[in-house]
Amino acid sequence: MTDYARAERRQLADLLHQVGPDLATVCAGWTTRDLAAHLVVRERRPDAMIGMLIPPLAGHGEHVRLAKAAQPYPEIIQEVRTPPWWSPVSNPLLDSLSNTVEFFIHHEDVRRATPGFTRRSLEHGEQQAIWNATKLTARLALRKVGFGVQVEAPGFGSLRIGAGEPRATVTGEPGELALFVSGRQRVAEVQVTGESDAVAKLTTAAIGL
C-alpha cells in the first residue's frame, strides 16, 4: 500500500522550499512560512495545539507558532520533512490516519494560492483514503449549515447529512470534497446544486472543524 501521508509530506516540503517563505496561501493571512510553522507545531507541541479545542488557550498556541515561524526557514522545512517518532499525530501507528488528508489539504493551500493552478490527478487509492477520512469531517462540518446536505463522490460513495430532505448537493472527487468541507469552498472544484438560498449559504458559510 502506498504511504500517501509520507508522499504528500515530501511533496509539500519540496514545494515550500521551492516557493520560499513569503508566498501567500489559501489560509487567509498565512504565508508559506506561517503554514510550515503550523505543521511543525502541530506535530511537536501538543500543548500548543490544544488551543484549537480549548479557546481560552488559543493565545498560547499562536504564541508558540509565531516563535517557530521566526526561526530560519530552511530549519522549519527540515522539521516538516522529519517528524519525531513520538509525535501524537505522526507516530508510525497514526501517521496515515492523521496526516494523509492534513498534508493533502495544506499541499493544495500552497498550490491553489496561485491563479491558474492545475488540479492534480490523484491515484484511486489516495482518493479512497481521502474519502474515508472526509466522510467524518463532512458530518461534523456540514451540520453547522442547519439544513440537509447530500455529499456525492462518484465512484466512491455518498452520504446524507442533517435532518430532512437535502436542500443542496455537493458533488466532486474526494480530494475536492475534502477541501470544500474544510472551509476552502472558493478553491474546491465541486458542483453545488439545489435550492438557491441553500447553495449560496453552503458555498460561503464558515464551515470546517
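None of the values given here were measured: they were computed from a predicted structure. (Residues numbered from 1 in each chain as written. Predicted model: local features only at pLDDT ≥ 70, side-chain atom pairs only at ≥ 80, totals over all residues. Heavy atoms only, no water.)

**Q** Looking at this structure, I do not really get the overall build of the chain. What am I missing?
**A** When its secondary structure is counted, the chain shows nine helices and four strands. Element order for the chain, N to C, with α for helix and β for strand: α-α-α-α-α-α-α-β-β-β-α-β-α. The C-alpha atoms of the chain give 17 Å as radius of gyration, which agrees with the globular expectation for 209 residues (17 Å, within 12%). Seen through its principal axes, the chain has C-alpha atoms that stretch 50 × 40 × 35 Å. Long-range contacts, defined here as pairs at least 24 residues apart, represent 60% of the contacts in the chain between residues at least 6 apart. For the chain, the exposed surface amounts to about 10500 Å²; the carbon and sulfur share of it is 57%. Taking the average location of the 23 positive side-chain charges in the chain and that of its 23 negative ones, the two points are 3 Å from each other. (Helix = DSSP H or I, 4+ residues; strand = E, 2+ residues; numbered from the N terminus. Rg over C-alpha atoms; globule rule 2.2 N^0.38 Å. Contact = heavy atoms within 4.5 Å. Areas by Shrake-Rupley, 256 points an atom, 1.4 Å probe, with all protein chains shown as cover. Lys, Arg positive; Asp, Glu negative; His and termini not counted. Charge placed at Lys NZ, Arg CZ, Asp CG, Glu CD.)

**Q** Any chance you could explain the pairing of strand β3 (residues 168-171) here in plain terms?
**A** Regular strands show a simple pattern: their side chains alternate between the two faces of the sheet. The alternating pattern of β3 places Ala 168 and Val 170 on a buried face and Thr 169 and Thr 171 on a face that is not buried. Judged from the four bridges that link them, strand β1 (residues 149-153) and β3 form a sheet pairing that is parallel. By the bridge assignment, Val 149 is partnered in β3 with Ala 168. Both β3 and strand β4 (residues 191-194) contribute to a ladder of four bridges, which runs antiparallel. Opposite Ala 168, over in β4, you have Gly 194 as the bridge partner. (Buried < 20%, exposed > 50% of the residue type's maximum accessible area, 1.4 Å probe, protein only. Pairing = 2+ DSSP bridges.)

**Q** When you look at the pattern of salt bridges in this model, what are you seeing that I'm missing?
**A** Charged atoms that come close allow side chains of opposite charge to pair. For the structure shown, the criterion picks out 21 salt bridges. Arg 81 serves as the salt-bridge partner of Asp 14, at 2.8 Å between the closest nitrogen and oxygen. Taken together, the residues span a long stretch of sequence, with Asp 14 in helix α1 (residues 4-19) and Arg 81 in helix α5 (residues 73-81) at a distance of 67 residues. Overall, the relative accessible area of 38% leaves Asp 14 in the partly exposed class. For Arg 81, a relative accessible area of 31% gives the class partly exposed. Salt bridges linked by common partners bring Glu 8, Glu 108, Arg 111, Arg 112, Arg 120 and Glu 176 together as one network. (Salt bridge = Lys/Arg side-chain N within 4 Å of Asp/Glu carboxyl O.)

**Q** Please clarify how the packing of aromatic side chains should be interpreted in this entry.
**A** For any pair of aromatic rings, the description consists of the separation of the ring centres together with the inter-plane angle of the planes. According to the stated counting rule, one finds zero aromatic pairs in the structure shown. Over the face of the ring belonging to Phe 147 we find Arg 167, whose NZ or CZ atom lies 5.0 Å from the ring centre. (Phe/Tyr/Trp six-rings, centres within 6.5 Å; stacked < 30°, edge-to-face > 60°. Lys NZ or Arg CZ within 6 Å of the ring centre and 35° of its normal.)

**Q** I'm lost on the side chain of His 106 in this one. Help?
**A** In this fold, His 106 is placed in helix α6 (residues 95-111). Judged by its relative accessible area of 6%, His 106 falls in the buried class. Looking at His 106, its side chain comes within polar contact range of the side chain of Glu 102, at 3.0 Å. (Polar contact = N/O pair within 3.5 Å; in protein donor to acceptor, adjacent residues only side chain to side chain.)

**Q** For this particular structure, what's the right way to read the side chain of Arg 120?
**A** With respect to the element layout, Arg 120 can be found in the loop between α6 and α7 (124-142). Within the structure, the side chain of Arg 120 is placed 3.1 Å from the side chain of Glu 8, a separation counted as a polar contact. Of the polar contacts made by the side chain of Arg 120, one reaches the side chain of Gln 11; its length is 3.3 Å. Contacts of Arg 120, omitting those with residues within four sequence positions, involve Glu 8, Gln 11, Phe 104, His 107, Glu 108 and Arg 111.

**Q** How do you make sense of the packing of helix α2 (residues 32-44) against α6 when you look at a structure like this?
**A** The relative placement of two packed helices is expressed as an angle between their axes plus a distance between the axes. α6 packs onto α2 with a crossing angle of 170° between their chain directions and a minimal axis gap of 11 Å. Overall, the two elements α2 and α6 adopt an arrangement that is roughly antiparallel. Side by side, α2 and α6 meet where Thr 32, Leu 35, His 38, Leu 39, Arg 42 and Glu 43 of the first sit next to Ser 98, Asn 99, Glu 102, Phe 103, His 106, Asp 109 and Val 110 of the second. (Axes fitted to C-alpha atoms, helices over the stretch in contact; angles between N-to-C directions. Parallel < 35°, antiparallel > 145°, perpendicular 65-115°, else oblique.)

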